[in-house]
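Analysis of the macromolecular model
The primary structure of each chain is shown beneath.
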Amino acid sequence: MERMDKISTFTPVVGIEIHVELATKSKMFCGCKNDPFFAPEPNIYTCPVCLGMPGALPVANKKAIEWTIKIGLALGCKINLFSKFDRKHYFYPDLPKGYQISQYDQPLCYEGSVDTEFGPVRITRVHLEEDTGKLLHQNNESLIDFNRSGVPLVEIVSEPDIHSPEAAKAYTKKIAEIIKALEVSSADMEKGSMRLEANISVTFDKSLPPYKVEVKNLNSFRYIERAIAFETVRQSEIRRKGELPRQETRGWNESKGETFAQRSKESAEDYRYFPDPDLPPLHFTKEFVEGIMSALPRLPQETVAHLQELGLKESDAKIIAKNPKLVAVMEELGGSAARVANLVVNGKITGDTKEILLEQMAALESTVQMDDSKLSQVIATVLSENPKAVSDYKAGKQQVLGFIIGMVFKKAGRVDRERVQESIQKELHGQ
C-alpha cells in the first residue's frame, strides 16, 4: 500500500521497444541456417559474413524485408517506398564487426497505431536489423555463441503513449498476438525470439520529461509490468527531492524485484550512423506493397469479430482466437460452434462434443490432393453461392476470407489452406 501511495502523485510516461526474431530459413545477410534455439552445438551456423570477417559482403534477405513490411502493415504503418540499411557502431563482444547493420532515418515502416483496452498506442517505426551473438557466462568466464549472430531482427518502437504498468502489459501482449497471427515469428519470450525494452520517465502531467531510463532485456509480460511499477516508485522518490533521475540503461533482477544500473544511456550521435556502403538502397512500388497488404491473414481483432459472427460470446471468442486450429474448427462446425467453443473454454469436453472436436481436429491434420482446375471450379461455385461475402471482402472486410475458405473446405475437403487462400484472392481480384 505504501508503494502505491508513492506512485499516486506521479504518472509514468513509457515508450516500448519490442525486438522480434523472424523465422526465415536463412539469416539476414548470409545463407547460414536461421535456427539458433535448436542448434545441436554452438557456432555451427556461421560463415565469414555473420562472423564479421574482413572482405565478407552481405546480401539482404528478401523474405525478411517482405515480412517486416507485413508487420508494419498489420500495425497500421505507412511504408517507405525508399529505404536503406545503416551501420550502427558500438563495441561489444557479441558484435564481431564492431557495428550492427540496422536502419536509422529511413526505416521500412513508420507512423502506425495499435488499439488496446487502455487506448491507442502510436507506433513510431518498424525497422529491420541483424541480431547479435549470445553471451554465456559460466565458471568465471564468458563464452560467445554466434549461431544467433545475423538472424533477422525486427524492432517495433512505440511513442511514449503508455501511462501505467498494466497498459504496458496489454500493449506488449497485443503485439505478440499480432506477430503470431502473421506467422513470421514464434514470439517466444522464454527462448528470446521476442524481447522487450521500456523507456520510462515520470511526470506530474503526462508531458515528456527531459530524461528517460531504459530497462533492457525483459523477457515476459509480467517482468515489464513489474519493472515499470518499480521504476515509477524509484524515479518518483528522486523527483520529490527536486532532482532528475540519471539517464541510463538498467537491467531487471526478478528475484529481488528491482532494476539495477548497467551503464549510461547512449544517444543516436554516439552510434555514428551512416548508410551501409555494401548494401544498395531499397526501392519498392505501390503495387508491391499492395500485394503484401492483400495477402495479410486475419488479425486477432478481426478473428474475434468473425467468431462472434459465428455465434460465440466475446469472452469465448478472445480465447479461441489465440489458437488457429480451433478457429478453423469453429468455422467448420457451423451451428454447433458456439456450444463447442463454450465447452472448450470451460474444459468440459465430454461425450459427443469430444467426438465432434476430435473429428474436426483430425480433419485439419489431413490434406486432400486436388488439381488446380477442380479447385478453381469449387471456388467459383462457393463465390457464386455467397455474393454477400464476396461484396464484403471487396469492401475491405478481410475477416470474411476465413468464412469463404471454410465453405471451400466443406465442398472440397481439407485442401492446403495457403493454396486455397491464394486461389480465392486471385479469383476475387480478377473479378
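So, a few notes on the structure that sits alongside this text. (Residues numbered from 1 in each chain as written. Predicted model: local features only at pLDDT ≥ 70, side-chain atom pairs only at ≥ 80, totals over all residues. Heavy atoms only, no water.)

Points about the overall build of the protein
- Within the protein one finds 14 helices and 16 strands.
- Taken against the 2.2 N^0.38 rule, which gives 22 Å for 431 residues, the C-alpha radius of gyration of the protein at 24 Å falls within 12% of a compact globule.
- Taken along the three principal axes of its C-alpha coordinates, the protein extends 70 × 60 × 45 Å.
- A burial count over the protein gives 50% of its 431 residues as buried.
- Considering only contacts within the protein whose residues lie at least 6 apart along the sequence, 69% involve residues at least 24 apart.
- Averaged over its 57 positive side-chain charges, the protein has a centre that lies 2 Å from the centre of its 61 negative ones. (Helix = DSSP H or I, 4+ residues; strand = E, 2+ residues; numbered from the N terminus. Rg over C-alpha atoms; globule rule 2.2 N^0.38 Å. Buried < 20%, exposed > 50% of the residue type's maximum accessible area, 1.4 Å probe, protein only. Contact = heavy atoms within 4.5 Å. Lys, Arg positive; Asp, Glu negative; His and termini not counted. Charge placed at Lys NZ, Arg CZ, Asp CG, Glu CD.)

Quick word on the pairing of strand β13 (residues 248–253)
- β13 sits mainly inside the fold: five of its six residues count as buried.
- Looking at chain direction, strand β12 (residues 213–218) and β13 are connected through two bridges and run parallel. Bridge pairing links Glu214 to Thr249 in β13.
- As for the winding sense of the linkage, the β-α-β connection from β12 through helix α4 (residues 221–240) to β13 is left-handed. (Pairing = 2+ DSSP bridges. Right-handed = clockwise from strand over helix to strand, strands pointing away.)

Overview of the state of the cysteines
- Tallied over the entire structure, the rule returns zero disulfides.
- Between Cys30, a cysteine without a disulfide, and Cys47, which holds the nearest cysteine sulfur, the sulfur-to-sulfur distance is 3.7 Å.
- No disulfide involves Cys77; its sulfur sits 5.5 Å from that of Cys109, the nearest cysteine.
- Exposure remark for Cys77: the relative accessible area of 9% places this residue in the buried category. (Disulfide = S-S within 2.5 Å.)

Quick word on the packing of aromatic side chains
- In this structure the tally under the stated criterion is six aromatic pairs.
- Pairwise contacts between aromatic rings join Tyr90, Tyr104, Tyr271 and Tyr273 into one cluster.
- Across from the ring centre of Tyr271, 4.5 Å away, lies the NZ or CZ of Lys88, which sits over that ring.
- The ring of Tyr99 has Lys97 sitting right over it, with the charged end atom 5.5 Å from the ring centre. (Phe/Tyr/Trp six-rings, centres within 6.5 Å; stacked < 30°, edge-to-face > 60°. Lys NZ or Arg CZ within 6 Å of the ring centre and 35° of its normal.)

A closer look at empty space enclosed by the protein
- Throughout the structure, instances matching the rule amount to two cavities of 30 Å³ or more.
- If you add up the space inside the largest cavity, you get close to 40 Å³.
- A class-by-class count of the residues in the lining of the largest cavity yields six nonpolar, three polar and three charged.
- One number sums up the size of the second largest cavity: a volume of about 30 Å³.
- With three residues, the top contributor of residues to the lining of the second largest cavity is helix α13 (residues 400–412).
- Taken together, the residues of the lining of the second largest cavity break down into three nonpolar, two polar and one charged. (1 Å grid on protein atoms, 1.4 Å probe; cavity = no way out; pocket = protein on both sides within 12 Å on 5 of 7 lines; lining within 4 Å. Points joined across faces, edges and corners; volume = space filled by probe spheres on them. Nonpolar A, V, L, I, M, F, W, Y, C, P; charged D, E, K, R; others polar.)

Concerning helix α11 (residues 372–385)
- For α11, spanning 14 residues, the distance from its first C-alpha to its last is 20 Å, which sits close to the expected 20 Å at 1.5 Å a residue.
- For α11, the full list of buried residues reads Leu375, Val378, Ile379, Val382 and Leu383. The arc that holds the buried residues of α11, viewed along the axis, is 135 degrees, so those residues lie on one side. Relative to its buried face, α11 has exposed residues pointing more than 90 degrees away, namely Gln377 and Ser384. (Expected span 1.5 Å × (residues − 1). Arc of directions from axis to C-beta.)

Some points on the packing of helix α12 (residues 387–394) against α13
- For the pair α12 and α13, the least separation of the axes is 9 Å and the interaxial angle reads 145 degrees. At the point where α12 passes α13, the crossing takes the left-handed sense. Seen from α12, the contacting residues are Ala389, Asp392 and Tyr393; seen from α13, they are Val400, Leu401, Phe403 and Ile404.
- Across the contact of α12 with α13, the residue classes break down as six nonpolar, no polar and one charged. (Axes fitted to C-alpha atoms, helices over the stretch in contact; angles between N-to-C directions. Left-handed = near helix turned anticlockwise from the far one by under 90°.)

Comments concerning the pairing of strand β8 (residues 134–138)
- As paired elements, β8 and strand β9 (residues 141–145) share five bridges and run antiparallel to each other. Bridge pairing in β9 links Gln138 to Glu141.
- The antiparallel hairpin formed by β8 and β9 contains two residues in its connecting segment, where Asn139 sits at a positive phi of about 50 degrees.

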